[in-house]
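# What the coordinates show
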Amino acid sequence: MLEVQAQVESHYHSHLVNTLRAEGGTMITGKTTIRLAKQFGFCYGVERAIDLAYAATKVFVGNRIFLLGEIIHNPDVNAQMQSLGIRHLHARPTSSDFEEIGTGDIVVVPAFGAETETIEKIKSRGCRIVDTTCGDVMSVWKRVRQNAREGVTSIIHGKSSHEETLATASRARGADGSGRYLVVFDLEEAEFVSRFIEGGGDPKEFMKRFGSVSSPGFDPVRDLIRIGLANQTTMLRSETEAIQSRLRDAIAKRDHGDTSSFRVFDTICGATQERQDSLFELLDKTLDLLVVVGGYNSSNTTHLVEIGTQRIPSWFIRNASCLVSKDEIRHYDIHIKQEITSTGWLPESSSLSIGITAGASCPNNLIEDAIRRILELRGEKPPV
Ligand code: SF4
């Protein structure tokens, strides 16, 4: 592991970021102030997943190693995996993916976990599995399995196509497949479900909306009697709390004040929470703009951008190459869900204070590159 950690460190380390953090997160260079959030970047789950994937290349020398989907949601880190010779399988493997793998092959399961059916099929092909699923994700599984055993429907607050939510939903079906689940993405969807709980409604209309994000054979009349809320570990705390209270109110209204048919487990992970809290703290300081670095498909990073945009101009970039010039920036728009180019992102004012944060899947070297590029565009001399 020492050898592995040294290699990981050499790929993702940043002396500048470490120094900046050690010095309290503020760096003043000429007329530009960079303020780094207290908690940012790689979380413990991501570090462990990367270490294990790197270790697999050293332990299973001579075996073919495959990665199920992405190790984490960061294209630069995934490209590093490929450069180590790790091959790619789709997160939901196709039949040709399954035909490709066989006895002696190693399959690395990413930090978000994988669906039970996928794991079983991989095993049935005779492959060995290196499971890097984060412990925090497994705690959510424990909760939804308990729901299944006790006849409670799991309401999963998450993005239905996200690997972690798919994996959690598969566990919510329980050991015998009889467990029920329903995925809600946001407060608006939770509102629809709550109104159905309160006053009934047309089950057909309900299923038209939620048929593809609920367990097979889901019946909203039967399956919303006892519900338990769990969330994808990387959701926005405030939204999860609002969903929680809306669903609880709906049960209370239907059951004349009795909320015993509603249960909730707080399954937002510590790392996500710390990054959101640190950003709120950072936004309380005087800032002209915020730069958030991370993979565009990263859920926890998207929520950091959501928090930032409520207060100041916030730019979601993949890496320093997005900072095209003083005027032009390529960035991800979380509303239209695509990378776009905008102008006028870096104000001309003589002194500027810029906040920086990064999602749990962003390595420090990418944060350093972004800081250096900002200073370069500002005409400041970057630190050695
Ligand atoms: S974001 Fe949370 S759940 Fe996901 S890998 Fe990191 S610690 Fe684990």
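Details of the structure are given in the entry above.
What counts and how
All residue numbers refer to position in the chain's written sequence, counted from 1. Where local features are concerned, this predicted model is filtered to residues with pLDDT of at least 70; where side-chain atom pairs are given and counted, the filter is 80 or more; whole-chain, interface and lining totals use all residues. Only hydrogens and water are removed before side-chain values are computed, so all heavy atoms of the structure are retained for them. Angles shown run from 0 to 180 degrees and are taken between the N-to-C directions of axes, each axis being a line fitted to C-alpha atoms and, for helices, limited to the stretch in contact. A run of DSSP states H or I qualifies as a helix once it reaches four residues; a run of E qualifies as a strand once it reaches two. Both are numbered from the N-terminal end. Working rule for angles: under 35 degrees goes down as roughly parallel, over 145 as roughly antiparallel, 65 to 115 as roughly perpendicular, anything else as oblique. Here, two residues are considered to be in contact whenever any of their heavy atoms come within 4.5 Å of each other. All amino acids are sorted into three groups, where Ala, Val, Leu, Ile, Met, Phe, Trp, Tyr, Cys and Pro are nonpolar, Asp, Glu, Lys and Arg are charged, and the leftover types, Gly among them, are polar. The term salt bridge refers to a pairing of a side-chain nitrogen on Lys or Arg with a carboxyl oxygen on Asp or Glu at a separation within 4 Å. Each residue is assigned to one of three classes by its accessible area relative to the maximum for its type, calculated with a 1.4 Å probe on protein chains only: buried under 20%, partly exposed between the two thresholds, exposed over 50%. We define proximity as follows: a residue is near a molecule or strand when any one of its heavy atoms falls within 4 Å of that partner. Domain borders in the structure are assigned automatically or taken from a domain database.

Running from N to C, helix 2 (residues 15-22) and helix 15 (residues 364-377) point in directions that differ by 85°, and their axes come no closer than 8 Å. In terms of axis orientation, helix 2 runs roughly perpendicular to helix 15. Between helix 2, through His-15, Leu-16, Val-17, Asn-18 and Leu-20, and helix 15, the contact on the second element is made entirely by Asn-364, Ile-367, Glu-368, Ile-371 and Arg-372. Taken together, the residues of the contact of helix 2 with helix 15 break down into 5 nonpolar, 3 polar and 2 charged.

Quick look at the pattern of salt bridges now. Considering all chains together, one arrives at 21 salt bridges under this definition. With its nearest N and O atoms 2.8 Å apart, the salt bridge here joins Arg-372 to Glu-368. Of this pair, Arg-372 and Glu-368 both sit in helix 15, separated by 4 residues, roughly a single helical turn. The class of Glu-368 is buried, set by a relative accessible area of 16%. Put simply, Arg-373 and Glu-376 hold a salt bridge, and the shortest N to O gap is 3.3 Å. Within this pair, Arg-373 and its partner Glu-376 are both found in helix 15, separated by 3 residues, close to a single helical turn.

Another point: the site of the ligand. In the region of the ligand, the neighbouring residues are Cys-43, Tyr-44, Gly-45, Val-46, Cys-134, Asp-136, Val-137, Thr-233, Thr-234, Cys-269, Ala-271 and Thr-272. The element best represented in the shell around the ligand is helix 3 (residues 44-59), accounting for 3 residues. When its residues are assigned to classes, the shell around the ligand shows 7 nonpolar, 4 polar and 1 charged. Counting contributing residues, the shell around the ligand receives three or more from each of domain 1 (2-43 + 270-377) and domain 3 (136-264).

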